[in-house]
Every structure is written in structure tokens, then in C-alpha cells.
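Overview (structure and organization)
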Amino acid sequence: MADRDERRVAVIIEDDADIGNLLAAVLAEAGFESHQATSGVEGIEAVREHDPILTTLDISLPGIDGFEVARRIRDFSSTYVIMLSARTDEIDTLMGLDAGADDYITKPFRPRELRARVEAMLRRMRRTPNGQPVDGAVAEEADGQPSIDGGDAGWLAHNGLRMHPQMRLSELDGEPVELTRSEFDLMLAILERRRRVITKNELVLELRGDGSTGGYISDNDRRAVEVHLANLRRKLGDPVGQPRFVQTVRGVGYRLAP
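In what follows, the accompanying structure is described. In this text the structure is predicted, and so the values were computed from the model without any measurement.

Mapped onto the elements of the fold, L179 is located in the loop between β11 (175-176) and α7 (181-193). Remark: the alpha-carbon pair of L179 and R168, spanning 11 residues in sequence, is separated by 9.3 Å. Not counting the four nearest positions on each side in its chain, L179 is found in contact with M163, S170, F184, L232 and K235.

Listed below in C-alpha cells is the structure:
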């Protein structure tokens, strides 16, 4: 995974040549080698061929639209997907996130905004739990909280879910479970907090890679967290009424289920 991330490969799926070239220029400033595709089918194949760590995806594409492209990409890739669209309705943002996108930017976008989102993604990839390297595995204590143990190095575990922050691997009851980068980071943040409550605002900052630095947080930001958590719960088979992993603390936020 480290070698793949250090390559900084991106795929740009955009049928407007001017926007595609602008995206390539912004990503080049961040050290990315970009590959462009002008249709949904071509974009899916480009992701399959180049195995990028980042994919930018327009919604309005010839053939299949960006929502369907995101769904198909998620069948085989964990690439970080930033969806771009001229549509500003909240429902389009939520549909994009539900299809598997990690982030959503409306057009016309400011190059500085895109660069900031990309840098936040890179910070998240470099981050280790609590800013510290993990030396041992994390087993479960008697009270159900994760704790450091000396087994397989680097794993966190709780109620049958195991996560490895450095390798970005996750397993559920011994079987691999595919999570998007955003889903992985949200679950990891909750797992690291153990039974302490983490608010939606704090989870927004986790997704930005900002930690505790603050910044403006909109209702859409908080709604995006809700969508990612809903997708995460669906993949983990974790119903809200009887949570096994993520417990909702009404009006406050979330914490690790007992």
C-alpha cells in the first residue's frame, strides 16, 4: 500500500477537455501523475488499469453517469473518489456519496479548494492512530474496549471487527470487508475513541484530515458524515436499533457500541 500511495497516481474522468486539463494541472502541482478519460466506461477501465489513489469524477458523462461509474468502481477499487458536478441540489450530493464517492465539489470549483481537498486526503493517508505508530495488535479487554496486545502487529479489534490502520485493511468475523477511505476513517476514529463520544463536527474534521484545527462546518458536511455512516453500517450489518459497532448518542454524536 505504501508504494502505491507514494506513486500519487490519479485518474480524471471528465468529458470537458478544458476542465480535465485544469484538473490535471492542479493535481500535477500536488505531485500527481494523471490519466484522463472522457467517458464513464473509459474511466472505469482507467481506474482498473492504473490503480490510482485518487479519482475525480464528473456526474454528467456520455453513456453511463457518474453515479453508476462510482458504484462500478467501488466493486473493485478503494481509490479516493472526488465527485464534481454543476448540480448544487443536496440530493445530488447525497446520491454521489451514497454511490461511493468520498467527497463532492460543485462546479465551477476553485483550484485552491480542490487542492485543499487533495491535501486533506493525503494527510489522512499519512496519519497513524492518535498520531502515534502502533507497535502491537489491539485485542479486546474484558469490558469490550480495544486495548494494545502483543499478537499480530498493528490490528485493532472489537466485537469481531478488525482494522489495520497502516495497511488500511478491515475484516469482519474473519472475512475481508471492503470500506471506502471515508468509511474506514470514520470507523477507525470511533474505534480509537473507545466508549468516548465523538461528535459529528469532530468526524467532519477527521474526514478533512484537520484533526482539532477547527474550521467552518456546514449542515451538508454533517449530512455527509451521516451518509457515510449509513453506508458503513450497511456493510457491517450494524443496525441502529441493536448496534454491534457504532452506537448513536442522540443529539451528541457516536461512540463504540459495548
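Alright, that's what it looks like, and here's the rest.
Counting across every chain of the model gives zero aromatic pairs. Residue placement shows R48 over the ring face of F76; its charged tip is 4.1 Å from the ring centre. Sitting above the plane of the W155 ring, R162 keeps its charged end 4.2 Å from the centroid.

Another point: the nonpolar core. Counting residues in hydrophobic clusters, the biggest one holds 27 residues, and the most contacted among them are M163, M187, I190, L203, L229, L236 and F245. Listed by contribution, the elements that provide at least two residues to this core are β9 (161-164), α7, α8 (200-208), α9 (219-236) and β14 (253-256). Looking at this core, the element that brings in the most residues is α7, giving seven residues. Judged by nonpolar contacts, the second largest core, of 19 residues, contains V26, L27, L114 and V118.

Our next topic: the sheet that holds strand β2 (residues 33-37). The strand order across the open sheet built from five strands is β2-β1-β3-β4-β5, with neighbouring strands paired in parallel fashion. At either margin of the open sheet sits one strand with a lone partner, and together these are β2 and β5 (103-106). In this sheet, adjacent strand axes meet at a mean angle of 20° when their direction is disregarded. Relative to strand β4 (residues 80-85), strand β3 (residues 54-58) runs parallel, the two being bridged by five bridges. Each residue of the ladder has a partner; that of L57, found in β4, is M83. Of the strands in this sheet, β1 (9-13), β2 and β3 touch helix α3 (residues 40-50), which is tilted by about 175° from β1.

Over its 13 residues, helix α2 (residues 17-29) extends 19 Å from the first C-alpha to the last, a length consistent with the 18 Å expected when each residue adds 1.5 Å. Taken together, the buried positions of α2 are G20, L23, A24, V26 and L27. Within α2, the buried residues cover an arc of 165° as seen down the axis, which keeps them to one side. With respect to the buried face of α2, the exposed residues turned more than 90 degrees away are A17, D18 and E29. Capping the start of α2, D16 holds a side-chain oxygen 2.9 Å from the backbone nitrogen of D18, two or three residues further along. Remark: G31 follows α2 within two positions and exhibits a positive phi of approximately 90°.

What counts, and at which threshold
Residues numbered from 1 in each chain as written. Predicted model: local features only at pLDDT ≥ 70, side-chain atom pairs only at ≥ 80, totals over all residues. Heavy atoms only, no water. Helix = DSSP H or I, 4+ residues; strand = E, 2+ residues; numbered from the N terminus. Contact = heavy atoms within 4.5 Å. Phe/Tyr/Trp six-rings, centres within 6.5 Å; stacked < 30°, edge-to-face > 60°. Lys NZ or Arg CZ within 6 Å of the ring centre and 35° of its normal. Core = buried A, V, L, I, M, F, W, Y, C linked by side-chain atoms within 4.5 Å. Buried < 20%, exposed > 50% of the residue type's maximum accessible area, 1.4 Å probe, protein only. Pairing = 2+ DSSP bridges. Axes fitted to C-alpha atoms, helices over the stretch in contact; angles between N-to-C directions. Expected span 1.5 Å × (residues − 1). Arc of directions from axis to C-beta. Polar contact = N/O pair within 3.5 Å; in protein donor to acceptor, adjacent residues only side chain to side chain.

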